[in-house]
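Secondary and tertiary structure notes
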Amino acid sequence: RRMEDGSMFGSLQEKYSGAFEDLREIRLYLPDGTNEYTVVAAVPFSNTHIMYSYNFRLSRIYEAFFDEVYATRRPGAQLDSEMRPESDEKVLILSTGLRGDVTQRYLVIAKINRTETN
């Protein structure tokens, strides 16, 4: 289902394609606690299914994925190279269709900075 109406993650591209300094924090509420993340990248990306295509348990694959993300030089790409994730850091990747190009996805990537348990 297309998310052009802004439901689910459909508004990610609109929110993050400009300067994303005001939108750097994401809180994920889980049954056993809360995870806090800092957004490090918001980029157009290939429509490859990330979970099937990248085994993030292998550090070389993890690094190759982020090499590809950080090499993005397209309009709307926001990258914080000082906060680039290292292979031992946990990340959250939100993905939605790229408006105007059905062959691409729009990713918002955040790395974990704090976990609180209940």
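All of these numbers come straight from a predicted model, not from anything done at the bench. (Residues numbered from 1 in each chain as written. Predicted model: local features only at pLDDT ≥ 70, side-chain atom pairs only at ≥ 80, totals over all residues. Heavy atoms only, no water.)

Moving on to the overall build of the protein. Within the protein, the regular secondary structure consists of 3 helices and 5 strands. Counting from the amino terminus, helix and strand elements in the protein follow one another as α-β-β-α-α-β-β-β. Evaluated residue by residue, the protein yields a buried proportion of 37% over its 118 residues. The long-range share in the protein, meaning contacts at least 24 apart out of those at least 6 apart in sequence, stands at 64%. As presented, the protein carries roughly 7500 Å² of accessible surface, and 48% of it is formed by carbon and sulfur atoms. (Helix = DSSP H or I, 4+ residues; strand = E, 2+ residues; numbered from the N terminus. Buried < 20%, exposed > 50% of the residue type's maximum accessible area, 1.4 Å probe, protein only. Contact = heavy atoms within 4.5 Å. Areas by Shrake-Rupley, 256 points an atom, 1.4 Å probe, with all protein chains shown as cover.)

Of all 14 residues in strand 2 (residues 33-46), 13 are buried; the element is thus mostly enclosed. Examined bridge by bridge, strand 1 (residues 25-30) and strand 2 share 6 bridges and lie antiparallel to one another. The residue bridging glutamate 25 from the neighbouring strand is threonine 38, located in strand 2. Where strand 1 folds back on strand 2, the antiparallel hairpin that results is connected by 2 residues. Two elements, strand 2 and strand 5 (residues 101-117), share 13 bridges in a ladder whose sense is antiparallel. Residue valine 43 lies in a different strand from strand 5, and its bridge partner there is leucine 107. (Pairing = 2+ DSSP bridges.)

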